[in-house]
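# Survey of secondary and tertiary structure
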Amino acid sequence: MSVEKAANGQWRVRWREAGRNRSKIIGKKADAVLFEQELKRAKRMGTLAQMQMGTDRFEDFVAEDYWPKHAALQSPKHQHNQESNIYAYLFPRFADHRLSEITRSEIEGFLGELQRKGVGGRAQQTIFQTLKTILNKAVDWDKLAANPANRVSKPKHVGKPIVPPTPLEVERVREQLLGMGRQGDAILVSVLAYGGLRPKETWALTWDDIRDRTILVGDTKRGLYRSVDMWKPLATDLAEWKLATGGKYHLVFPTRSGGAWSETDWRNWRSRVWFGCDYKGRRPDNPDYSADGGAGVPGRTPYALRHTHSSLMIREDK
């Protein structure tokens, strides 16, 4: 252990712990000497680790411990979501905080800031969960005594009422896509709106799944299969699409290389075709797109097309 003067005129205390060199900058020499004495006493008593618990900077802990030991082992989608939350929200607020400085009061104040900035309830929940997971790992790895996020109420989310696109709006989307020479995209809209498939269920859809009057769909949520009745207009659209592609690929909606879509492919399609912007939300100067952005229905996501199918089924039952 040693006490030395730092370049900024303050005092640096150096020591070694768990095979690593540690240091702390303290303003006054008397305080630095006192801190060194406390370190020596803690080392003799075997409580040095407890004394230093929570002193890691939040940013350093995430970069050196949390990300390589935990986040990097998760799925690419999970990594992408966590990285977005960390860099967009957590680092700007907590990067220079010591882990022990992230208290219940600090977290509640942070959530209040998100609320005032207009961050949605669902987004607040995912940001809060990311922070909570990081602090849980800090506790698991003896970097923090307790997780203050466990005593903070989870942000509330009030879901907005679902307003599915009407059949007229769906047909306008299809007409615009066909006018742009995007027949495959128009057929994809038909399958979502008139077949009721989830977007992920279309990625691996094969021509073998397209029967005379039904579509065999793999349920991505439960790992099961279900049969969907196929209305005649949808059957006609798919037959025309198969003829146009010449049955070159086994998949109904292949990528340019002939493979199945990935999460990235879907996000790109959602951004560029439906919303008319790139993945950062910037709209291209493209005369093919309407003033509202892409070819999609303003204010609705492509997933909402699935609810169009549900509303049509309800009407049919009546």
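My aim in this report is to walk through the structure given alongside it, one point at a time. Since we're looking at a predicted model, the values are computed, not measured.

Bringing unusual backbone geometry into the picture now. If you check the backbone angles, D142 has positive phi at about 60° while not being a glycine. Looking at the secondary structure, you find D142 in the loop between helix 6 (121-140) and helix 7 (167-179).

Further remarks concern the packing of aromatic side chains. Applying the stated criterion across every chain yields a total of seven aromatic pairs. A ring pair is formed by F61 and W141, whose centres lie 6.0 Å apart and whose planes are at 50°; its orientation type is tilted. Taken together, the residues F61 in helix 3 (residues 58-69) and W141 in the loop between helix 6 and helix 7 connect sequence positions 80 residues apart. The interplanar angle of 65° and the centroid separation of 5.1 Å between the aromatic rings of F94 and F110 together place this pair among those described as edge-to-face. With F94 in helix 4 (residues 76-94) and F110 in helix 5 (residues 104-116), this residue pair connects regions lying 16 residues apart in the sequence. One aromatic cluster is present, formed by F58, Y87, F91, F94 and F110 through successive ring pairs. Over the ring of W141 we find K69, and its NZ or CZ is 5.2 Å from the ring centre.

Moving on: the nonpolar core. Within soluble globular proteins, side chains that are nonpolar tend to cluster in buried spots. In this structure, V189, I210, I215, L238, V252, F253 and W269 are the most contacted members of the largest nonpolar core, which totals 34 residues. Sorting the residues of this core by element identifies helix 7, helix 8 (183-195), strand 4 (214-219), helix 10 (232-245), helix 11 (263-275) and helix 12 (305-317) as the ones contributing at least two each. The element contributing the most residues to this core is helix 8, with eight residues. Grouped together as the second largest cluster of nonpolar side chains are 26 residues, Y66, I127, F128 and A138 included.

What counts, and where the lines are drawn
- Residues numbered from 1 in each chain as written.
- Predicted model: local features only at pLDDT ≥ 70, side-chain atom pairs only at ≥ 80, totals over all residues.
- Heavy atoms only, no water.
- Helix = DSSP H or I, 4+ residues; strand = E, 2+ residues; numbered from the N terminus.
- Phe/Tyr/Trp six-rings, centres within 6.5 Å; stacked < 30°, edge-to-face > 60°.
- Lys NZ or Arg CZ within 6 Å of the ring centre and 35° of its normal.
- Core = buried A, V, L, I, M, F, W, Y, C linked by side-chain atoms within 4.5 Å.
- Buried < 20%, exposed > 50% of the residue type's maximum accessible area, 1.4 Å probe, protein only.

So yeah, pure geometry; function would need other evidence.
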